[in-house]
Every structure is written in C-alpha cells, then in structure tokens.
Amino acid sequence: MRLNLGCGFDKKAGWVNVDKMPQSAPDQVVDLEATPWPWADNSVREVEMRHVLEHLGASTDTYLAIIKELWRVCEPGAQVRIVVPHPRHDHYLNDPTHVRPITVQGLEMFSQKRNHEWQKSGKPNTPLGLYLDVDFEIVSFDVLPDEPWRGRLQRGEMQGSELQEAMRMYANVIMETTIVMRAVKADT
Ligand SMILES: C[S@@+](CC[C@H](N)C(=O)[O-])C[C@H]1O[C@@H](n2cnc3c(N)ncnc32)[C@H](O)[C@@H]1O
C-alpha cells in the first residue's frame with residue numbers, strides 16, 4: 001500500500017489518498033492526530049506527506065504519537081517523503097493551521113544511528129529514536145530557495161556556502177524543504 005497522507009485535492013493514482021476533510025473527497029477520511037491509525041503494522045511501502053506534517057501535532061505528545069504511528073505502519077525499508085514550508089519563511093507563519101515547525105535536524109532525532117553517534121560523542125540531543133522505539137534514516141533532503149536567492153544561485157552570483165550562511169542569518173531564504181526518510185526495521 002502507498003499512502004498519500006493529508007492529500008487535500010492532490011490525489012495520486014494508485015495510492016490511498018487520506019485526509020480528515022471529507023470536502024476533498026479522499027479515499028479514506030482519517031484524522032491523523034487521532035491514534036492509532038487504521039492501517040496494519042508493516043503494511044505501507046511508501047508515504048507521501050506534502051505540506052501536511054507542519055499541520056499536525058501542536059502538542060508534543062500528539063506529534064510524537066504520529067511519528068510512532070508512521071513508523072508502525074511502514075514496512076521495513078519503506079520510503080517517507082515529506083515536503084514542508086521552511087519554518088523561517090513567511091509561508092509558514094501566515095497559515096494559522098501551521099502548528100509544528102519541521103526541520104531536517106528535527107526529523108534526524110528519530111534516527112537511532114544518529115542517536116548512538118550523539119551518545120558516543122557526548123552531544124546532549126534527546127535520543128528520540130531510542131526513546132520512542134522508532135528508527136527513520138534521512139536518505140536525502142533538498143531545499144527550494146526563494147527569490148532573490150534562487151536567481152542569484154542560478155546566475156552563479158553566489159555559492160552554496162553563501163546560501164547556507166544566509167539560511168542561518170535571514171528569514172525567507174528557503175521556501176520549502178523536501179526530506180526523504182527510510183523506515184529502518186528488521187524484516188518481519
Ligand atoms: C496544505 S494542505 C496540502 C494538501 C496536499 N497534500 C497538497 O500538497 O496539495 C494540508 C492538508 O492536510 C490536511 N490535514 C490537516 N490536518 C489533518 C489531520 N489531522 N488529519 C488528516 N489530514 C489533515 C488538510 O485537511 C489539508 O487537506
């Protein structure tokens with residue numbers, strides 16, 4: 001099974017399109033903040049969450065319960081593709097239903113490999129993968145710069161390292177981040 005969670009009107013053929021709003025006529029009406037989710041353990045090979053995760057889990061407990069459910073329904077090696085607005089972009093701030101800033105580093109906290117590395121090197125990051133018994137490895141991530149940064153990069157007027165610096169210093173540099181994760185679990 002492939003799940004398009006929080007599909008809205010962006011339906012994908014061959015996928016189970018899921019949303020809490022019946023107005024968008026999803027295949028399944030499900031409130032993703034209500035756990036447990038209605039899918040079996042290890043039943044999903046691919047998950048798409050495009051502009052959805054930032055809408056879920058204003059309460060930390062709810063957010064962590066969602067991550068646990070995501071991991072539970074994933075089959076070993078399942079791919080999860082998450083697209084989110086950058087939390088320091090006005091697009092994130094403007095929408096009153098955006099309740100949870102999502103970053104690559106925040107999702108990396110659910111990687112047990114990274115948790116072990118932090119333990120060894122004495123980093124104080126909370127080892128959420130180990131605490132929640134979930135394990136997601138970040139496979140890749142990509143950022144979509146806003147203007148004028150995108151044009152400057154395309155014209156070769158600035159380097160990637162300068163974009164990195166701008167991302168740390170300024171708002172409205174990155175519009176959107178796409179993160180691909182893999183569910184790390186033993187075959188059942
Ligand atoms: C910004 S829209 C994105 C829709 C679609 N993924 C797209 O890219 O066009 C966010 C969607 O998430 C859905 N959503 C928000 N909270 C939800 C929840 N608790 N359970 C299920 N869907 C939810 C909304 O109903 C909405 O359709």
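Coordinates for the structure precede this section.
Chemist: Just to check I follow, could you spell out the overall build of the protein chain for this structure?
Modeler: Within the protein chain one finds seven helices and seven strands. In terms of overall dimensions, the protein chain has C-alpha extents of about 50 × 45 × 30 Å along its principal axes. Of the roughly 10100 Å² of accessible surface on the protein chain, 50% is carried by carbon and sulfur atoms. Computed over 21 positive and 27 negative side-chain charges, the inter-centroid distance for the protein chain is 3 Å.

Chemist: Any chance you could explain the site of the ligand here in plain terms?
Modeler: Around the ligand sit 16 residues in total, of which G6, D19, D31, L32 and R50 are the nearest. Interatomic distance of 2.8 Å between a backbone N/O atom of G6 and a nitrogen atom of the ligand. D19 is positioned with one of its side-chain polar atoms (N or O) 2.6 Å from an oxygen atom of the ligand. Protein contact buries 80% of the 590 Å² of open area that the ligand shows by itself. Residues belonging to the shell around the ligand are distributed by class as follows: six nonpolar, four polar and six charged.

Chemist: Could you clarify how one ought to interpret the nonpolar core in this entry?
Modeler: A general trend in soluble globular proteins is that nonpolar side chains are found buried together. If you look at the biggest cluster of nonpolar residues, it comprises 36 residues, and the most contacted ones within it are L5, W39, L53, L107, F110 and F136. At the level of elements, strand 1 (2–5), strand 4 (44–50), helix 1 (60–73), strand 5 (74–85), helix 3 (104–108), helix 5 (128–132) and strand 7 (174–183) are the ones that each hand at least two residues to this core. Considering each element in turn, this core owes the most residues, seven residues, to helix 1. If we skip the residues at most four places from it in the chain, F110 touches Y63, L64, I67, L128, G129, L132, V134, D135 and F136. Counting residues in hydrophobic clusters, the runner-up holds seven residues, among them W149, A166, M167 and I174.

What counts and what doesn't
- Residues numbered from 1 in each chain as written.
- Predicted model: local features only at pLDDT ≥ 70, side-chain atom pairs only at ≥ 80, totals over all residues.
- Heavy atoms only, no water.
- Helix = DSSP H or I, 4+ residues; strand = E, 2+ residues; numbered from the N terminus.
- Areas by Shrake-Rupley, 256 points an atom, 1.4 Å probe, with all protein chains shown as cover.
- Lys, Arg positive; Asp, Glu negative; His and termini not counted.
- Charge placed at Lys NZ, Arg CZ, Asp CG, Glu CD.
- Near = heavy atom within 4 Å.
- Polar contact = N/O pair within 3.5 Å; in protein donor to acceptor, adjacent residues only side chain to side chain.
- Nonpolar A, V, L, I, M, F, W, Y, C, P; charged D, E, K, R; others polar.
- Core = buried A, V, L, I, M, F, W, Y, C linked by side-chain atoms within 4.5 Å.
- Buried < 20%, exposed > 50% of the residue type's maximum accessible area, 1.4 Å probe, protein only.
- Contact = heavy atoms within 4.5 Å.

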